[in-house]
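One letter stands for each residue in the lines below.
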Number of protein chains: 2
Amino acid sequence: MTRANEAWESLMRAYAVLMKRFNAEDVWGEVTMREYDVLYTLSKCDSPLRMSELNRHVLLSQPALSRMVDRLVDRGLVHRCTDPGDRRGVRLSLTPEGRKTQQEIGRPHARSVTRALNVLTPEELSQLAAITGKLAQSEEK
Amino acid sequence: MTRANEAWESLMRAYAVLMKRFNAEDVWGEVTMREYDVLYTLSKCDSPLRMSELNRHVLLSQPALSRMVDRLVDRGLVHRCTDPGDRRGVRLSLTPEGRKTQQEIGRPHARSVTRALNVLTPEELSQLAAITGKLAQSEEK
DNA sequence: TGGAGTTGTATGCGTTTGCATCTACCTTAA
DNA sequence: TTAAGGTAGATGCAAACGCATACAACTCCA
């Protein structure tokens, strides 16, 4: 077992443990964690996002994401319109209500995240962010 | 946004990107990535594992895991028997075929993991393993 | 200009998931 | 010994998922 494999296994365990902990917190209201992930991703972008772009951030298959956006649109949290420049595509953004929902859930969740990661030193936090950032940006050659 | 939140977001992003990449690799055969996770976890333990113990490692609800084990038992990859000491519980272990399957998939997958994480320096790999290990072990107070 | 190939998203369909709940077994203490 | 409460997994059911594929719009070159 290489160091790389050990690191990846460790990362996966940390992810599983923390995800379970966050999921168990009573902050999600009428939104699942996966749905929140979409709302959060949209909240970070001022300009509307394409499905395919959103799909890069979210761990869901393209059809699953497409239908999840359907539901979020039906529930009035997300606005979807055809991209005028490329009429195959869509532009997604939060509705005011979607933004409100994201913020109301985001606040307590962010506190949970802070609490959970505060077992790390500031230096470790910086290292973790830098290393995982590097991983996320690496493209397959 | 605190450093902790940035680090967590970065970790999530790295996880999503790499999971998608691994999932796209053509190494999984008749087993899904989630099923492989179970087979792999079982493969690391020589003594049979309890459902609840397994469930701590795998990102699935208890009922979903219960049924997934059902399927793996039906397919002859996992052996399940009642725990003689506590007859509510079960003891899970790989069958010889399960172990074979795990290894056959594990080999090429491990290579993918190594390739993906080799964008990091050896020192970064050690830091990542140490930091995520610390996170995984931290229990809520 | 048009036909072939590509890309972005949606849909049909069988499988898997999570939530709530159930059952069976263990533990404690009266 | 037994009733009350707790814990380990299993099951009913509706919702959500992934795979394959369909469809529409774009691109590019003949």
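Residues numbered from 1 in each chain as written. Chains lettered and ligands numbered in written order. Predicted model: local features only at pLDDT ≥ 70, side-chain atom pairs only at ≥ 80, totals over all residues. Heavy atoms only, no water.

Visitor: Give a detailed account of the protein's contact with DNA strand D, specifying residues and quantitative values.
Guide: The full set close to DNA strand D counts 21 residues, and S61(A), A64(A), S66(B), R67(B) and R88(B) are the nearest of them. For DNA strand D, the fraction of protein-proximal atoms (within 4 Å) that sit in sugar or phosphate groups is 58%. A distance of 2.5 Å separates a phosphate oxygen of DNA strand D from a polar side-chain atom of S61(A). Of all the secondary-structure elements, those providing two or more residues to the surface near DNA strand D are α4 (62-74) of chain A together with α3 (51-57) and α4 (62-74) of chain B. Its residues assigned to classes, the surface near DNA strand D shows 6 nonpolar, 5 polar and 10 charged. (Near = heavy atom within 4 Å. Polar contact = N/O pair within 3.5 Å; in protein donor to acceptor, adjacent residues only side chain to side chain. Helix = DSSP H or I, 4+ residues; strand = E, 2+ residues; numbered from the N terminus. Nonpolar A, V, L, I, M, F, W, Y, C, P; charged D, E, K, R; others polar.)

Visitor: Would you mind going over the nonpolar core in detail, with residue names and values included?
Guide: In this structure, W8(A), L117(A), L128(A), W8(B), L117(B) and L128(B) are the most contacted members of the largest nonpolar core, which totals 85 residues. Not counting the four nearest positions on each side in its chain, L128(B) is found in contact with A7(A), L11(A), L128(A), I131(A), T132(A), L135(A), L117(B) and L120(B). (Core = buried A, V, L, I, M, F, W, Y, C linked by side-chain atoms within 4.5 Å. Buried < 20%, exposed > 50% of the residue type's maximum accessible area, 1.4 Å probe, protein only. Contact = heavy atoms within 4.5 Å.)

Visitor: Tell me about the pairing of strand β2 (residues 90-94) of chain B, and please be specific about residues and values.
Guide: Residues and elements named next belong to chain B. Only one face of β2 is covered, namely the face carrying V90, L92 and L94; the face carrying R91 and S93 is uncovered. In this sheet, β2 lies alongside strand β1 (residues 78-82) in antiparallel orientation, the contact comprising 5 bridges. Pairing of R80 across the sheet is with L92, part of β2. (Pairing = 2+ DSSP bridges.)

Visitor: Could you give me a rundown of the pattern of salt bridges, with the residues and numbers involved?
Guide: Residues and elements named next belong to chain A. Under the criterion given, the structure shown has 19 salt bridges over all chains. We note a salt bridge from E35 to R75, for which the minimum N-O separation is 3.1 Å. Linking E35 in helix α2 (residues 33-44) with R75 in the loop between α4 and β1 (78-82), this pair joins segments that are 40 residues apart in sequence. Its relative accessible area of 6% is what places E35 among the buried residues. By relative accessible area, which is 33% here, R75 ends up partly exposed. A salt bridge links K100 to E104; its shortest N-O distance comes to 3.6 Å. (Salt bridge = Lys/Arg side-chain N within 4 Å of Asp/Glu carboxyl O.)

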